[in-house]
Amino acid sequence: MATMARPSRVKDEPRRPNIASADIQLPAVRDYEQVDREISATLHPTVAWFIGLGVAILFLIIGAAAWMYQIYTGLGVAGYNPPVMWGVYIITFVFWVGIGHAGTLISAILYLFRAGFRTTIYRCAEAMTVFAVMTAGLFPILHLGRPWKFFWLIPYPNWRYIWPQFKSPLVWDVFAILTYLTVSSTFLYIGLIPDIATLRDREKNPVRRRIFGVLSLGWRNSDREWRHFARAYLFLAAFSTPLVLSVHSVVSFDFAMALTPGWHTTIFPPYFVAGAIFSGIGMVFTIIIPLRKWFGLKHYVTINHLDAAAKLCLFTSLVVGCAYMTEWFVAWFSGNEFEKNFFANRIWGQWWWASAILYTCNMVLPLTLFKQSWRRNPTWLFILSFFINLGMWFERFVIVVPSLSHEFEPWQWAGYSPTWVDFAILAGSFGWFSMWFLLFIKQLPVIAISEVKEIVPPKLRQTHDHGIDSAGRHLEFEPSTPGEAD
Amino acid sequence: MSGVIGAFRELDSAVYAVEALKKERLGEITVYTPTPRHEIEHAVNAPQSPVRRFTLFGGLFGATCGYWIAIWASDYWPLVVGGKPVASWVPYTIFGFEVMVLFGALATVLGLFINSRVPRLTMTVGYDGRFSGGDYGVWVACPPEKYAQAQSLLREHGAVEVRDER
Amino acid sequence: MSSETSKPGVKRREFLKVVGAGSATATMIGCSSERVEKLIPYFVSPDQTVPGVSTYYASTCRECASACGIIAETRDGRTIKLEGNPDHPVNRGALCAKGQAALQGLYNPDRYRTPMVRRGGKLEKTTWDDALKIFGDKLAEARRNPGGVAFINRHQSGGFPQLLNSWLAGMGMAPALSIDPDADTTAIAANLQTFGVAWPRYDFASTRLIISFGADFLDGWGASVPQQLDFADARARGANAPRFIYVGARRSLTGLNADDWIPAKPGSELAIVQMLSGASTPQQAAQASGVDVARLTALQTEFAAAKPALVLAAGGGPNGMELCLAANALNGTSGAVSIADAYRGFEGIDPVSHIRALGQRMQGGGVSMLMVHNVDPVYLMPKSSGFRAAMAKVPFKVSFSSIMDETSEMADLILPDNHSLESWGEAQAVTNTLSLQQPTMDPVFDTRAIADVLLAVSRTTGTPIATMPDYRSLMISRFPGGAAGLAAALPKGISSGSVQQPAGSKALPQPVAAANAGNGDFTLLVYPSPALGMGEGANKPWLQELPDPVTKIAWQTVAEIHPATARKLGVENGDHVIVETAAGKLSLPVYTYQGIREDVVAVAAGRGHADSAGRYAKAGSNAFDLLTYAEDRSGSIMLGSTRARVTKDGGHSRLVTTEGSARQHGRGIAQAVVVGQLGGTHEASGSEHAAEAAPQGSVSGEQKERALGEKAAAGEHGGEEGHPEFPGDASHEFLPGLRSPTAKDAQGDLGGPGTKSKEKGMYDPEHWSGMARRRWAMTIDLARCTGCSACVTACYAENNIPTVGADWQGPKVLPDRTGFGANITRSREMSWIRLERYFEGGEDGGADFETRFVPMLCQHCGNAPCEPVCPVYATYHAPDGLNVQVYNRCVGTRYCSNNCPYKVRYFNWFGYGEPARAQYAFPEPLNWQLNPDVTVRGKGVMEKCTFCVQRIREAENRAALEHRGVEPDEFTVACAEACPSRAITFGDAADERWTVAKLVNDERAYHVFEELNTYTAVVYLKKVNHPGAMTTSPVAAPEVH
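Residues numbered from 1 in each chain as written. Chains lettered and ligands numbered in written order. Predicted model: local features only at pLDDT ≥ 70, side-chain atom pairs only at ≥ 80, totals over all residues. Heavy atoms only, no water.

Overview of the pattern of salt bridges
Stated formally: Criterion for a salt bridge: a side-chain nitrogen of Lys or Arg within 4 Å of a carboxyl oxygen of Asp or Glu. Secondary structure elements follow DSSP: runs of H or I of four or more residues count as helices, runs of E of two or more count as strands, with numbering from the N terminus. Classification of residues uses two cut-offs on accessible area relative to the type maximum, computed with a 1.4 Å probe and protein chains only: under 20% is buried, over 50% is exposed, and between them is partly exposed.
All told, the structure shown has 71 salt bridges over all chains when counted by the stated rule. A salt bridge links E409(A) to R834(C); the shortest N-O distance between them is 3.6 Å. With E409(A) in the loop between α14 (378-405) and α15 (420-443) and R834(C) in strand β28 (residues 834-840), this pair bridges two chains. Given a relative accessible area of 7%, R834(C) falls into the buried group. A salt bridge links R344(C) to E347(C), with the shortest nitrogen-to-oxygen separation between them at 2.4 Å. The exposure class of E347(C) is buried, given its relative accessible area of 17%. Taken together, the shared-partner salt bridges in this structure form one network comprising E954(C), R958(C), E962(C), R964(C), E967(C) and E970(C).

Structure below.
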């Protein structure tokens, strides 16, 4: 920001409201009817949407076929190369769980922090969370040698009283992931109820109207409902917050609890949580930026919102980068031969290219977000988000593969190269995720109608030719979407 | 269940109407708003929501269950793994926590449903689809003889439409 | 079970009962094949066989000429395991990998199921009556010109050659050629000339210095197993052990066991021997051998000082005969060669020149009928000898081979012989000791013993050579005491006496020199593969999958060159080079090996058979194709005299190797001490002074305890090792000898004050099962281990481990891998015990490097890292210290393997045990060998070494049935039982009466990766190094930081 120091530039800079404290967040949104109108307008399926859905389902079918082939023939069709006993599946599992974290972070943590910019993007993020966790949940089953026995990891009552081994991090995973899935989908649904009620009341088609009616549980927007709703929502947020932090910590225990060099480290829980949020926000960008364009919601998800989210992205990127640097330090400071040797092999040896991708995507490129003009450039954010997704996948690759391939026993050092089955199933997971998300965005509002109404000035008795803020204060008229010319 | 419903376009007029109706003690008042508004809350001035108790007890119960299942199951077949104690409470804290969150969250939702009387199968009298859109609705539950008074009150505070239902 | 073998007493009586009656009834039941399809094909009458209980037959191993004694474990009429016969004078209970794999010769899917006859150019199945009729007719024709008949017989000692020759003589035919491809006929000729015996016993223990000139006495040169036993015993004598120097162009397995290696030019060994004998000076020797003078002078002085010294030399070089004679001359005086205990099995072996001469006769059309028995001359004779073409000229060819090979593929009539485990016979093991051979089960297929066939035919052709109906009755007739005497002797497997050997000395054909030794700046060295020999083993998947002890290559033929040479050629491991000689050229992947001269390229023999030799044997390439045929003075083929050009070729193949990094990176996996560091003689015992005497880097249990004990004394309250007591603390000292937290931890949180015993369950030492009072453990003495890998094959045989390297098991499902060993290129071999071979020193690629072999298997940790990560209790800690793997409970998360520092857990990537699958590892009838006591693991589960838990439980149950406790050293595990170095000891470390309980307190004892607090149950005893004046390679254990 050194450039900002130059007075001439400062003069040129247009006035940009700070989104966190802005009185008016959506100047271009006049009243409640407009909100209803514009958002329910996004629900009409288009040709492009059908095509997208088709592609997603195609990918899903490819993945499913590959899995069936793997179940029949045996796990050997994947690229496993002992001692690298975990590969693409576990990597992708952690990747999707990570994606799942941004949603709850934005909808819960930022809610507690009263961060204004969450309102318009949280519904998307929350839905993304649920679907990402649904995707992630497949992989632990999918990577089993005998997937048909997966339920042995769940403490279900059985007449022989044979239980899971509760000291195993994998059983911790089962509990963490299932809890997270339940709570976050509950959170999503509770937030949806008033909006479904709105849709119900707008719907002409009797069938859809009936469905919405059932889904809305007969919600009436009465003051009593709102009162309990607010409390419940607050407590759910309060629960989700530690949950977000715990889930990825537990996932990181899968590695941290092992004595494998490169895994056996106490830094993993915070490191994983930061990485998860980082990747989640990356995915939010990937989803929300095209969405606001196609759905004509630029005046809801404004540049200001993207700007604020980008700052969060930058912050988490710095945290993650700090964790990477710490690994260097530990490798040197621990004086542990195994650790040193493995780390050298990861950075300069066998796996240098993976580390290079990781550092570039997760540490170097996000630094561009220090410059406001980049933060406020949706195109760049969109491109960057792809690098972030790639980088975060490779972060998990670098954690899983190099550690296993270069362990204590030199005689058993090996390499690893995935086969087409790995990639087909990876692609299938994206198909599965996209399918659910595409179905979601055309059936339910991607922006929380009732919450947006909270930040839209209400109608008051005496009419004004200018805006009135959410507290009813008079404001001078602001026509356009700030920061973006459209 | 009978009473008078008035629909308002503007927030402030709805607020004034509520305050006036409360003064007259015509009967129980329900306000429908497209979105929660503090103005209405203050006007109605309802007691603190009890949902939080559900949350508390749900959470406590969950934590207990989490520890219990892990410890009881481990002790049922006391097999030694890796020289660890058969029931090691430290890692079992994870189960305590996760199940606490799970039960706590579900109990909260339960509390929400119970307290705000959802799910309800039928729209009761007095509700109108507009109230989930842009308009505010004020419903006064009162006997027929008070209809006239309630309706006039609502009208003079600027209700765009007033009708009685039963 | 086979535990019997290591505990005589009880076993003997059972043998007498079972086998005595067995052999008596055998007359009626005989070796007929009608019952093959029965579930239980009875050899002994049913009342002798209890289903599910093993019967043991003492017999003789016929895989090489040494004639080791074996004990065949037979379950429900099928032989499932071979063990060494502990009472046998030759192998004393040990058995090598080849011997173990005899079972896969017996159950080989490529065996001939019936007699075959060539009709219309192709071989067709036929009946014995038909086949014998044809055979008889042809013999009748041939007898008109008996000179035109030749018989090539697989050499074996005992009565059969005698019978064969009298059968031939009866028809006026020449005696059979007696061929053993693996035997060093040069050395034999020299020995006969010097000592008058074919193969003397070398007394390693009495020597101070062993110098081997290419004599690989540990891997195939002569009587490997007894030589390995003697060598290991000698080297285990600590300060009194002989030093061992290996001279040769390539450092073989034997060479890797040497303290020093002198890389002499191929063929220059003679010069060095002459130097030792004083006939020449070090300068001359250095000039000839390309070794620097200082080194040779040192050798000379050391040899002069060391009395007695043992000099061994092998043939195969251009002047092999002279070399062996000179070496023998050096020994003549030393007294380290015992002629009295000579191995008589090697007598009467004919050199290959006879086959070459026969080939020339056949070429000239002088042979009308050729009979071959279990020899494969078409494969053995290099293409350059033109034998195949010559044999094609023979009008009628009969093969008695029991299994497909190139020769029988050309035969017109195939009369499949029984496998040696299906036939009667005897072998001359040592002087005045017969090693008896008896059928251990009914023939698998419709085959007949060649001896019985000859007897039958001799009757039909009207030249009866014996009145007996079959060979067994012939044995009885010869045997002192007749049937009763034989029945009494069979259980022991040996009897005094000897059978007359045919006079093997036929007129030696005039040796031929190389038609064209060729040119090129490399010498091609073709050596018999330690596992496959000269190719007989190639059809046995166990031997194909067994990584070569030196190169660690399986299923593949590679060109071994020195790293420096590889740099010059610009190739790396796996890149192809063209090895071209006057005889032909091969494109082979490179394996860079610093134990080879820079001007030598070595290729292992034994692989690359024709497709006709069966589904396994065709793996790899045939090194004989490169050999220009030449003989030395003894008529033996020269393996190290061909000149070769080596040029870079395009292409690259992944090496089918189990080798990761050949260096320890200072991790102290294989530790060693210099002999000087040993406290006194280290003869294994719980010596009290161990801790003081232990060298730095030693991790003797006692030392540790003492150190920690002091800490405790210094005021740290609590546990035996000075750790505070709290439930589940891993550092509890539960059992003496070996630290095992097992029981203490079970009490950890359950066993507070007032805990009822039943709550501790079986982890309570007071529990009636007493399991928690045991601690099964193992010691592996690296000073004894030679890396021969017999333990690996023994484990495959005992534990139903699938082989995964066949070319149909991988590529179908591994798109990026092809050919044999595809799964192994993804490190998916399943061997529960693996031989790790680490190099120390010589990082510059120099000749001064030391090799340490580490058998690595599940360490059965007291604090097993694999256990707590398993989500379903599929692996947990048994009260007796075993790390248990429950296959049925395993869901296949593979987390246990990730968390195993020793990487000894193996995953079933495919359904290796499912017959319907391409990856099926036991094609019929190989599955007959499967051990009924051990599960064949299913797809998607983890498996690992179980310490042969089936043997443990079997011994415990037998003890319980006999109302006694398990006696010390009553039984042992498969690897320990086979080990020809006696390096592995298994037992209960908690009971000081067991040998292992003493060994774990040996001063050389250490745990691998002890700093990880895994409390392993496998204790290694450090290798002992004997550095010489010129030794520069590191000799002390690397420290782990």
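Now, onward.
Side note on the packing of aromatic side chains
Our working rule: Classification of ring pairs uses Phe, Tyr and Trp, with its six-membered ring standing for Trp, and accepts pairs whose centres are within 6.5 Å; under 30 degrees between planes counts as stacked, over 60 as edge-to-face, and the remaining range as tilted.
According to the stated counting rule, one finds 101 aromatic pairs over all chains in the structure shown. Ring plane angle 85 degrees and centroid distance 5.8 Å describe the contact between F338(A) and F1009(C), whose orientation is recorded as edge-to-face. Taken together, the residues span two chains, with F338(A) in helix α11 (residues 337-347) and F1009(C) in the loop between β35 (1005-1006) and β36 (1018-1021). Per residue, the accessibility class of F338(A) equals that of F1009(C), and both read buried. With a centroid separation of 5.7 Å and 70 degrees between ring planes, the pair formed by W351(A) and F397(A) is classed as edge-to-face. Of the two residues, W351(A) is situated in the loop between α11 and α12 (352-364) and F397(A) in helix α14; the sequence distance between them amounts to 46 residues.

A closer look at the sheet that holds β36(C)
Residue and element names in this part refer to chain C. Cut-off, in case you're wondering: Should DSSP find at least two bridges between two strands, the strands are regarded as paired.
Ordered in space as β34-β27-β36-β35, the 4 strands form an open sheet in which the pairing is mixed. Lying at the two open borders of the sheet, with one neighbouring strand each, are β34 (984-988) and β35. Both strand β27 (residues 776-781) and β36 contribute to a ladder of 4 bridges, which runs parallel. Within β36, the position partnered with D781 by the bridge is L1021.

With respect to the confidence of the model for chain C
Detailed conclusions should not be drawn from predicted coordinates in areas where pLDDT is low. Residue and element names in this part refer to chain C. For clarity, the threshold we go by: In predicted models, pLDDT denotes the confidence assigned by the predictor to each residue on a 0 to 100 scale. Throughout, a residue-residue contact means that at least one pair of heavy atoms, one from each residue, lies within 4.5 Å.
Averaged over every residue, the pLDDT of chain C is 84; the share at 70 or more is 85%. Confidence drops under pLDDT 50 across residues 1-39; counting only partners more than four residues distant or on other chains, this segment forms 92 contacts. Across residues 681-737 the pLDDT falls below 50, and counting only partners more than four positions away or on other chains, this stretch makes 115 contacts in the model. The ipTM value of the predicted complex is 0.90, and its pTM value is 0.90.

Regarding the packing of helix α8 (residues 223-256) of chain A against helix α3 (residues 51-76) of chain B
Packed helix pairs are specified by the crossing angle of their axes together with the interaxial distance, meaning the distance between the axes. Selection criterion: Axis definition: a line fitted to C-alpha atoms, over the contacting stretch in the case of helices. Angles run 0 to 180 degrees between N-to-C directions. By the definition adopted for this analysis, an angle is roughly parallel if under 35 degrees, roughly antiparallel if over 145, roughly perpendicular if from 65 to 115, and oblique otherwise. Crossings are classed by handedness, with left-handed meaning an anticlockwise turn of the near helix from the far one by less than a right angle and right-handed meaning a clockwise turn. Amino acids are sorted into nonpolar (Ala, Val, Leu, Ile, Met, Phe, Trp, Tyr, Cys and Pro), charged (Asp, Glu, Lys and Arg) and polar (every other residue, Gly among them).
Axis separation between α8(A) and α3(B) bottoms out at 9 Å; the angle between their running directions is 30 degrees. Classified by the angle their axes make, α8(A) and α3(B) are roughly parallel. In terms of crossing hand, the pair formed by α8(A) and α3(B) is right-handed. Contacts between α8(A) and α3(B) involve H228(A), R231(A), A232(A), F235(A) and F239(A) on the former and, on the latter, V51(B), R52(B) and T55(B). Taken together, the residues of the contact of α8(A) with α3(B) break down into 4 nonpolar, 2 polar and 2 charged.

Brief notes about the interface of chain C and chain A
Basically, it comes down to this: Using a 1.4 Å probe, buried area is obtained as the accessible area two parts lose upon being combined, added over both of them.
In this complex, chain C contributes 67 residues to the contact, which on the side of chain A involves 57 residues. Here chain C meets chain A over a buried area of about 4900 Å², counting both sides, of which 56% is carbon and sulfur. Counting the surface chain C buries against chain A, the share from its top three residues, R667(C), Y895(C) and N898(C), is 15%. Mapped onto the side of chain C that touches chain A, the elements with two or more residues apiece are β28, α28 (866-869), α29 (895-898) and β32 (905-907) of chain C. When the residues that make up the side of chain C that touches chain A are grouped by side-chain class, the tally is 30 nonpolar, 17 polar and 20 charged.

Topic: the sheet that holds strand β14 (residues 369-373) of chain C
Residues and elements named next belong to chain C. Strands sit in the order β5-β4-β16-β15-β14-β6-β7 across an open sheet of 7 strands; the sheet is mixed. A strand with exactly one partner marks an edge of an open sheet, and here the two such strands are β5 (122-125) and β7 (177-179). Taken together, the 2 bridges between strand β4 (residues 116-119) and strand β16 (residues 413-414) define a ladder with antiparallel strand orientation. Paired with V117 across the two strands is L413, which belongs to β16. Each of β6 (149-154) and β14 touches helix α5 (residues 159-170); the most contacted strand, β6, lies at about 175 degrees to it.

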